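Observations on the three-dimensional arrangement
What follows is the residue order along each chain.
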Amino acid sequence: MKSRQQIKLNEKHVKKYKKGYPLLFSQAMSNPSDVNGLEEGTLLTLTEPNGRFVATAYYGIQNKGIGWVLSKIQSEAIDDFYFKKKLYKGLEKRMGLYKNPKTNCFRVFNGEGDGIGGLTIDFFAGYYLINYYSQGIYHFKSLIEEALSEIVEYDGIYEYCRFDQNAAAQKQTDHSSQDMNDGFVMGKRAKFPIIVKENGEKFAIYFNDGAMVGVFLDQREVRRQIRNKYARGRDVLNLFAYTGAFTVFAAKGDAKSTTTVDVANRTLERTQEHFELNDISGDAHQIIIEDVFNYFDYAEKKDLTYDLVILDPPSFAKSKAMTFSAEKDYPSLLAECIELTRDNGIIVACNNSANISLDKFKQFVGKAFNMADARFEVLEYHSLPKDFRTHPLYEESSYLKVAFLKVLRKQKIEDFILEP
């Protein structure tokens, strides 16, 4: 284990970290150059300007900052017992999901929400996938994997590095138990795809095809609501569809028709696979490989409209035609969806950008409906499900915002208030 490095905090930031703020950023340090030359994974002792202890953190560069706080207890060692304790507490809070016969895929550890920023662990029908978000947290991989393997029963454990994997490979001295192509760590290798259940419906999961394994687990409750409450008898459009997970739940909810749109070629194969797993067939279910922005033009020319439009764009996307950023383009994107939605139809408006607050999202919704000269009614609002635990002092950890909006075209009003 690396020796600790003392880091003095700016006086104006001391109170924040004493309260338990989890993210370390360079502006909070009295002398940001104190971390120059440090290896990621180095433990940092954060102190007041007078040297009094505040917290222990680790140095690990992510797009959010330069590390995460691990403990406010000066005597607490960051060792095998520390990680076992943290992981066990996380697992304990998900026991209800482990006992659910209709769902066997969910998050068991969610970064700073469970006390260790930069680390998430997901469960898929007996297999665990550990996600490391920096070289800093990857430094502790052996302790984390040992802790997980000792406190859970598992078929297999896999890992995925969501940072420069070449750097990780160079740091690692023993690759004998790990295939760098699929991230296998221990147990028995999975035969991909792993077939999982979510609220009774089936998905195909791949650990050997990049970071996005086949389904976004944070939208579980939204998918269930679409199936149980909103899809029946409706023509449904699913935009930025990825592998068609929303479409599956709409079809299983007796939608009259579904149209699934995404520019990625894999969407066709993966959505068809999910259709087959769930016995969905027929001409009523179309899969279109096309840029969503081009599809808006096509739908307008063909005079196509829908009763239910699902909008779940990435925070950032680049195509041949344009670059999309949720922070600047979300209102205009939502306004395009409003034009495709029939009177009294419903839009499921999703935003997963941590940089867009709930208040900003509400403003985006209001702006979009003003642009489309329409009104709306909020039917319900969703944030992250309970297994995606958030940190009360770190607003960005509650990144998911989903509003079910009923479209009304009666008159234009200047100010809209979106209430959960």
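That block above? That's the structure.
In this report, we go over the structure that sits alongside the text. (Residues numbered from 1 in each chain as written. Predicted model: local features only at pLDDT ≥ 70, side-chain atom pairs only at ≥ 80, totals over all residues. Heavy atoms only, no water.)

With the rule as written, the count across this model stands at zero disulfides. Cysteine 337 carries a free sulfur, and the closest cysteine sulfur to it, the one in cysteine 350, is 10 Å from it. (Disulfide = S-S within 2.5 Å.)

Turning next to the sheet that holds strand E9 (residues 156–161). Remark on secondary structure: sheet strands pair via backbone hydrogen bonds, oriented parallel or antiparallel. Within the open sheet, the five strands sit side by side as E6-E7-E8-E9-E10. Their pairing is mixed. Of all the strands in the sheet, just strand E6 (105–110) and strand E10 (184–187) have a single pairing partner and so form its edges. If you compare each strand with its neighbour and ignore which way they point, the axes differ by 20° on average. By the bridge criterion, three bridges tie E9 to E10 in an arrangement that is antiparallel. Its bridge partner being in E10, tyrosine 158 is matched across the sheet by phenylalanine 184. (Pairing = 2+ DSSP bridges. Helix = DSSP H or I, 4+ residues; strand = E, 2+ residues; numbered from the N terminus. Axes fitted to C-alpha atoms, helices over the stretch in contact; angles between N-to-C directions.)

Within the element layout of this structure, threonine 247 appears in helix H8 (residues 245–252). By relative accessible area, which is 1% here, threonine 247 ends up buried. Within the structure, the side chain of threonine 247 is placed 2.8 Å from the side chain of threonine 260, a separation counted as a polar contact. (Buried < 20%, exposed > 50% of the residue type's maximum accessible area, 1.4 Å probe, protein only. Polar contact = N/O pair within 3.5 Å; in protein donor to acceptor, adjacent residues only side chain to side chain.)

Let us look at helix H9 (residues 266–277). Over its twelve residues, H9 runs 17 Å from end to end, which matches the ideal 16 Å to within 8%, given 1.5 Å per residue. Burial in H9 covers these residues: Thr267, Arg270, Thr271, Glu273, His274 and Phe275. Looking at the buried residues of H9, the elements they touch are strand E12 (201–205), H8, strand E14 (257–262) and strand E15 (285–289). Looking at the residues trailing H9, positive phi occurs at aspartate 279, about 55°. (Expected span 1.5 Å × (residues − 1). Contact = heavy atoms within 4.5 Å.)

For the rest of this paragraph, the subject is the side chain of aspartate 262. As for its position among the elements, aspartate 262 is in strand E14. Buried charged residue aspartate 262 carries no salt bridge. Nearest counter-charge: arginine 266, at 6.6 Å. A polar contact of 3.1 Å, which involves the side chain of aspartate 262, links it to the backbone nitrogen of alanine 241. If we skip the residues at most four places from it in the chain, aspartate 262 touches Phe240, Ala241, Tyr242, Thr267, Ile288, Ile289 and Glu290. (Lys, Arg positive; Asp, Glu negative; His and termini not counted. Salt bridge = Lys/Arg side-chain N within 4 Å of Asp/Glu carboxyl O.)

Now for the environment of serine 75. Relative to the helices and strands, serine 75 is located in the loop between strand E5 (67–71) and helix H2 (80–92). Distance from serine 75 to threonine 56, taken between C-alpha atoms, is 9.7 Å for residues 19 residues apart in sequence.

Let's shift gears to the packing of helix H11 (residues 326–339) against helix H12 (residues 358–371). It is at 8 Å that the axes of H11 and H12 come closest, and there the two elements cross at 45°. One way to sum up the angle between H11 and H12 is to call them oblique. H11 and H12 meet at a crossing whose hand is right-handed. Across the interface between the two elements, Ala326, Glu327, Tyr330, Pro331, Ser332, Leu334, Ala335 and Ile338 of H11 pack against Phe361, Phe364, Val365, Lys367, Ala368, Phe369 and Met371 of H12. Each residue belonging to the contact of H11 with H12 can be placed in one class, and the counts come to twelve nonpolar, one polar and two charged. (Parallel < 35°, antiparallel > 145°, perpendicular 65-115°, else oblique. Left-handed = near helix turned anticlockwise from the far one by under 90°. Nonpolar A, V, L, I, M, F, W, Y, C, P; charged D, E, K, R; others polar.)

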